[in-house]
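For reference, the chains in residue letters:
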Amino acid sequence: MEEGFNQALILLGVGMLTVFSVLLFVVLIGNGIIFFTNRFFPEFETTNNKHNGNSDIDSTKMAAIVAAVKKVSGGKGRIVKINRK
Amino acid sequence: MEVFKQLYDMTALGPIGDNPGVLLMIVIGALLLYLGIVKKYEPLLLVPIGFGVILANLPGGNMGVVAAEMVELPDHRYLNLFEIASEYGIMNFIYYSLIKTGFLPPIIFMGVGALTDFGPMLRNLRLAFFGAAAQIGIFGVFFGAMALGFTPKEAGSLGIIGGADGPTAIYTTIMLAPHLLGPIAIAAYSYMALVPVIVPLVANRFISKKEFGIHMKKQDKLYPPKYKIKNIKAVKIIFPIVLGVVVAILVPSSVPLLGMLLFGNLIKEIGTATQRLSDAATGPIMNTATIFLGLSVGATMTAEVFLDLKTLGIIVGGFLAFAISIAGGITAVKVYNLFSKKKINPLIGATGLSAVPMASRVANELGLKHDGSNHLLQYCMASNISGVIGSAVAAGVLISLLG
């Protein structure tokens, strides 16, 4: 009985520690990837167009503009603002 | 008269009369069908399982799954699949080729991955920790199970019900205690279907009125996140690749589940280039796997295996594991709130167990009941999705330490 209790205790300790460690890695990896992409691949986010003052441009046109800029600039171009004339 | 006697002998009526347990199992199968069809409780699983139970228990059909000892030969060798099929029927062929090998749960996990969006978790990464705290039921119930006379392997399989993840529970049980597969699968899926009842039951006991009212959007305005994600698509593509490698190094035994989950997610996030793979993973492959998994899990529930005191222990222990997991997530949020300026609604901790997206929807509704403008769904999804990762890791730990 005592042996079983000890085994359960070890399992609880090792198990919870492992789960917390892996999810800590999830948080660290997630933050690392976000930092990396923000730094090196800060692509224009079409879904946030309302916040960028482009709410009058529909999403299909926006996607076409993004694709065109990507193609012409070889993926290095970045859209900062879109004005309608 | 002889003709009638031969006709009677040909039917299953005689053996059914001799073994009333069979009748009880048919009633249980019918009850599962009722829950699936009428009550719509996890119908995709409960309908095949319920029908599998009925098929397995009708005598003479040769559809019940036999114990592993029956297909075992001396020197740790087994009958080949052709011999299993010819001697014990097609259900044993399906069980020993697709289930006992641990093949189907990871395949289903691939489909789950292709249906999962890590976006809410990536936008609220801190909330992922509550998905870890909510795994405590898995390990906590181990003590009680051992005290009730379960072996360590059986106790581990029982505990995994607290992860609230069907494929994970089935995979762990196949690896640790395959003879309990039927009752554990039934308990796991039944409690997942009962999330709308169990989550409010536990939440109302552990969360105060003031805590229910913690408004996440207002908290976000008071304490805004330090940075925004500028390229969510790239993040979502890189994330499963890097996480898969790290998990494979840290907990290799969880890779069959988590690896397939992350692969499924990757082919979804890549977009149009792998659209066909994603469609296959979430459609025909997942549906086929679900049919075979459900039918063969049901076929393991023969009267002599299921009608046992251990089944009762599994039903009670599974509920406790589930409830402890929810309470663990809530407690973790309460502890966090003691030390942080930015408060978190404890309902987010309650969704740290898997059961995606049902647990999040239920928590969201509970939050809205207390404050009509307090939409918690995206926050709950963050801990809910991390709970899927957490329960797969917990399964890996159980298999490593007890297997």
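Counting of residues starts from 1 at the beginning of each chain's written sequence and follows it residue by residue. To label them, take the chains in the order written and letter them from A, then take the ligands in the order written and number them from 1. With pLDDT at 70 or above as the cut-off, local features in this predicted model cover only qualifying residues; side-chain atom pairs require 80 or more to be listed or tallied, and sums for whole chains, interfaces and linings still use all residues. Hydrogens and water molecules were not included; the side-chain quantities draw on all heavy atoms of the structure.

Per an unreviewed UniProt entry, chain B goes by the name Sodium ion-translocating decarboxylase subunit beta and belongs to Marinilabilia rubra. Looking at the Subcellular location (unreviewed entry) heading of the UniProt record, one finds this comment for chain B: "Cell membrane". UniProt positions are given in the numbering used here, feature names are shortened, and annotations may be inferred rather than shown by experiment.

An unreviewed UniProt entry annotates chain A as Oxaloacetate decarboxylase of Marinilabilia rubra. Per UniProt, chain A carries the Subcellular location (unreviewed entry) text "Cell membrane".

J.: Just to check I follow, could you spell out the overall build of chain A for this structure?
T.: Where helices and strands are cited, they refer to DSSP runs of H or I of at least four residues and of E of at least two residues respectively, numbered from the N terminus. Within chain A, the secondary structure is distributed over two helices and zero strands. For each residue, the accessible area found with a 1.4 Å probe, counting protein chains only, is set against the maximum for its type, and the residue is called buried under 20%, exposed over 50%, and partly exposed in between. The buried share of chain A, taken over its 85 residues, is 31%. Using a 1.4 Å probe, accessible areas were evaluated by the Shrake-Rupley method; residue-level cover was limited to the displayed protein chains. When the accessible area of chain A is evaluated, it comes to approximately 5,900 Å², of which 61% is carbon and sulfur surface.

J.: Honestly, the interface of chain B and chain A in this entry has me stumped. Any pointers?
T.: When the parts of a complex come together, some accessible area is lost, and that lost area is often used as the size of the interface. Should any heavy atoms of two residues lie within 4.5 Å, those residues are considered in contact. The interface of chain B with chain A comprises 42 residues on the first partner and 31 residues on the second. By buried area we mean how much accessible surface two parts lose on assembly, using a 1.4 Å probe and totalling the loss over both. Of the roughly 3,400 Å² buried at the junction of chain B and chain A (both faces included), carbon and sulfur atoms supply 82%. Per-residue buried area on chain B facing chain A is highest for Phe129, Phe143 and Lys230 of chain B; these three make up 20% of the total on that side. For this document, the term salt bridge refers to a Lys or Arg side-chain nitrogen within 4 Å of an Asp or Glu carboxyl oxygen. Counting every contact that joins chain B to chain A gives zero salt bridges. Each polar contact in these results corresponds to two N or O atoms within 3.5 Å; when the atoms are within protein, one needs to be able to donate a hydrogen and the other to accept it, and residues that are neighboring in sequence are counted only if both atoms are side-chain atoms. On the surface where chain B and chain A come into contact, there are four residue pairs in polar contact (both at pLDDT 80 or more). For the side of chain B that touches chain A, the elements supplying multiple residues, two or more each, are α8 (119-123), α9 (128-133), α10 (136-147), α17 (232-250) and α24 (377-402) of chain B. Of the residues that constitute the side of chain B that touches chain A, the class distribution is 34 nonpolar, six polar and two charged. Gly is put with the polar residues, along with every residue not named as nonpolar or charged; the nonpolar set is Ala, Val, Leu, Ile, Met, Phe, Trp, Tyr, Cys and Pro, and the charged set is Asp, Glu, Lys and Arg.

J.: Would you mind going over the domain arrangement of chain B with me for this structure?
T.: Residue and element names in this part refer to chain B. Domain parsing of chain B yields domain 1 (1-89) and domain 2 (100-288 + 303-402). Delimitation of the domains relies on an automatic or database domain assignment. Domain 1 and domain 2 are separated by 32 Å when their C-alpha centres are compared. With 13 residues of domain 1 at the contact, the number on the domain 2 side is nine residues. Buried surface at the junction of domain 1 and domain 2, summed over both partners, amounts to about 970 Å²; 83% is from carbon and sulfur atoms. On the domain 1 side of the interface with domain 2, the three residues burying the most area are Met25, Tyr41 and Glu42, jointly 40% of the side's total. The interface formed by domain 1 and domain 2 includes zero salt bridges. Inspection of the region where domain 1 meets domain 2 yields one residue pair in polar contact (both at pLDDT 80 or more). Counting only elements with at least two residues in the side of domain 1 that touches domain 2, the list comes to α3 (20-37) and α4 (43-57). Considering every element that reaches the side of domain 1 that touches domain 2, the biggest residue donor is α3, with six residues.

J.: How should the nonpolar core be read in this particular structure?
T.: One recurring pattern in soluble globular proteins is that nonpolar side chains are buried together. All names here are of chain B. Among the nonpolar cores identified, the biggest contains 134 residues, and Phe322 and Ile389 are the most heavily contacted of them. At 15 residues, α24 tops the list of elements feeding residues into this core. Leave out the neighbours within four places in its chain, and Phe322 touches Ile161, Gly162, Ala164, Tyr191, Met192, Val195, Ile198 and Leu353. We call a set of buried residues a nonpolar core when its members are Ala, Val, Leu, Ile, Met, Phe, Trp, Tyr or Cys and they connect through side-chain atoms within 4.5 Å of each other.

J.: Looking at this model, I keep getting lost on the packing of aromatic side chains. Mind explaining?
T.: For Phe, Tyr and Trp, rings pair up if their centres lie within 6.5 Å, where Trp contributes its six-membered ring, and each pair is then called stacked (planes under 30 degrees apart), edge-to-face (over 60) or tilted (otherwise). Enumeration over the complete set of coordinates arrives at eight aromatic pairs over all chains. Here, a charge over a ring means that NZ of Lys or CZ of Arg falls within 6 Å of the ring centre while also lying within 35 degrees of the ring normal. Seen from the ring of Phe40 of chain A, Arg39 of chain A lies directly overhead, with NZ or CZ sitting 5.4 Å from the centre. Directly above the ring of Phe150 of chain B sits Lys310 of chain B, whose terminal nitrogen or CZ lies 5.8 Å from the centroid.

J.: Teacher, can you tell me more about the confidence of the model for chain B here?
T.: Do not read the predicted coordinates in detail wherever pLDDT is low. Think of pLDDT as the predictor's per-residue confidence, scored from 0 to 100. Per-residue confidence for chain B gives a mean pLDDT of 92, with 100% of residues at or over 70. Predicted complex metrics record ipTM = 0.86 and pTM = 0.83.

J.: For this particular structure, what's the right way to read helix α2 (residues 59-73) of chain A?
T.: Side chains that are three or four residues apart share a direction in an α-helix, a result of its 3.6 residues per turn. Here the expected length of a helix is defined as 1.5 Å per residue gap, with one fewer gap than residues. Here α2 of chain A spans 21 Å end to end across 15 residues, near enough to the 21 Å set by a 1.5 Å rise per residue. Just downstream of α2 of chain A lies Gly74 of chain A, where phi reads positive at about 65°.

J.: Explain the UniProt feature "transmembrane region" (unreviewed entry) in chain A to me, please; I cannot follow it from the model alone.
T.: Mapped onto this structure's residue numbering, the UniProt feature "transmembrane region" (unreviewed entry) falls at residues 12-36 of chain A. Spanning residues 12-36 of chain A, this segment combines 100% helix with 0% strand, and its end C-alpha atoms are found 35 Å apart.

J.: Help me understand the environment of Phe40 of chain A, please; the structure alone is not making it clear to me.
T.: Structurally, the position occupied by Phe40 of chain A is in helix α1 (residues 2-40). For the pair Phe40 of chain A and Thr18 of chain A, spaced 22 residues apart in sequence, the C-alpha separation works out to 32 Å.

J.: In this structure, what is going on with the packing of helix α11 (residues 152-159) of chain B against helix α12 (residues 166-176) of chain B? I would like to understand it.
T.: Any two packed helices are characterised by how steeply their axes cross, that is the angle between the axes, and by the distance between the axes. Residues and elements named next belong to chain B. Orientation is described by lines fitted to C-alpha atoms, with helices fitted over the stretch in contact, and by angles between N-to-C directions that extend from 0 to 180 degrees. For the pair α11 and α12, the least separation of the axes is 9 Å and the interaxial angle reads 175°. When the interaxial angle is binned, α11 and α12 end up roughly antiparallel. For the pair formed by α11 and α12, the contact residues are Lys153, Gly156 and Ser157 on the first element and Thr172, Thr173 and Leu176 on the second. Within the contact of α11 with α12, the residues separate by chemical class into one nonpolar, four polar and one charged. Our angle categories are set so that under 35 degrees counts as roughly parallel, over 145 as roughly antiparallel, 65 to 115 as roughly perpendicular, and the remainder as oblique.

J.: Mind showing me how you'd approach unusual backbone geometry here?
T.: With the exception of glycine, most residues fall at negative phi, and the peptide bonds are largely trans. Residues and elements named next belong to chain B. Of the consecutive residues Val356 and Pro357, the connecting peptide bond is found in the cis state with omega at -10°. On the secondary structure map, Pro357 appears in the loop between α22 (347-350) and α23 (358-370). A positive phi is found at His76, a non-glycine position, where the angle reads about 55°. Here His76 shows up in the loop between β1 (72-73) and β2 (77-78). His76 gets classed as exposed once you look at its relative accessible area, which sits at 73%.

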